[in-house]
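Architecture and fold: a report
If you want the building blocks of each chain, they are given just below.
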Amino acid sequence: WFDIFETLKCFTLAIYNQPFTDRTRFYLIGNSMGGYGTWQLAMSMPDCFAAIVPICGGGMYWNAGRLINVPVWAFHGAKDTTVLLEESVKMVEAVKRHGGEAKLTVYPENSHDAWSDTYSNPDVFSWLLQHQSKSNNEYFDKYDNSDIYG
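First things first, this report covers the structure right here in the doc. Residue numbers restart at each chain and count upward from 1, following the sequence in its written direction. Only residues with pLDDT of 70 or above have their local features reported here, since the model is predicted, and side-chain atom pairs are shown and tallied only from 80 upward, although totals for entire chains, interfaces and linings are computed over all residues. Processing note: side-chain calculations cover all non-hydrogen atoms of the structure and skip hydrogens and water entirely.

1. Observations regarding the sheet that holds strand S1 (residues 27–31)
Taking strand neighbours across the sheet as the criterion, the four strands line up as S1-S2-S3-S4 in an open arrangement whose pairing is parallel. Here the strands that pair on one side only, and so sit at the sheet edges, are S1 and strand S4 (102–107). Along the sheet, successive strands turn relative to each other by an average axial angle of 10°, direction set aside. By this definition, two strands are paired if DSSP reports at least two bridges between them. Note on conventions: DSSP H or I runs of at least 4 residues are helices, E runs of at least 2 residues are strands, and numbering of each starts at the N terminus. Judged from the two bridges that link them, strand S2 (residues 51–55) and strand S3 (residues 72–77) form a sheet pairing that is parallel. What sits directly across from Ile55, in S3, is Phe75. Residues count as neighbours in contact if any of their non-hydrogen atoms are within 4.5 Å of one another. Between N-to-C directions, angles span 0 to 180 degrees; the directions come from axes that are lines fitted to C-alpha atoms, helices contributing only their stretch in contact. Helix H2 (residues 33–44) rests against S1, S2 and S3 of the sheet, and its axis sits at about 150° to S1. Each of S3 and S4 touches helix H3 (residues 85–97); the most contacted strand, S4, lies at about 160° to it.

2. Overview of the side chain of Ser133
Within the secondary structure, Ser133 is located in the loop between helix H5 (122–129) and helix H6 (146–149). To sort residues, take the accessible area from a 1.4 Å probe on protein chains only and compare it with the maximum for the residue type: under 20% means buried, over 50% means exposed, and anything in between is partly exposed. In this structure Ser133 comes out as buried when scored by relative accessible area, which is 17%. One polar contact links the side chain of Ser133 to the main-chain carbonyl oxygen of Arg23, over a distance of 3.5 Å. Any N or O atom pair separated by 3.5 Å or less is treated as a polar contact, with the protein-specific requirement of one donor-capable and one acceptor-capable atom, and with residues adjacent in sequence counted only for side-chain atom pairs. Only 3.5 Å separates the side chain of Ser133 from the backbone nitrogen of Ala50, close enough to count as a polar contact. Sequence-distant contacts of Ser133, defined by excluding residues within four places in its chain, comprise Arg23, Thr24, Cys48, Phe49 and Ala50.

Pasting the structure below:
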């Protein structure tokens, strides 16, 4: 996804700017390589997303302060040898360290497939719908502008 990152950003903005899109409820979810993409896209465009759900992914934890305004619920399998659990742990801890809202659910018996249990859990979608984007006046820090920081 790094090779097509600019395309992903353009695609995201194309959907975000459609007249039918509720910008206050724009969510991002992805698994495995898409979990990495979820973390990175949200850190690059934090003002677009109301909440994110990265599944068995990881990211640039030193940049996680950009997610202070984006609630995160991450998922990972404890027995994952493709993407180590530590990747999600580092990201969630970094978001929390910066004052953001982040939590991690670990499936103790799952390996890399953490998405089947996550996508079949209605609580995930209820949790997403509980979150709405903050208006520009409600942002807590300087990382609220994709034009500058994207």
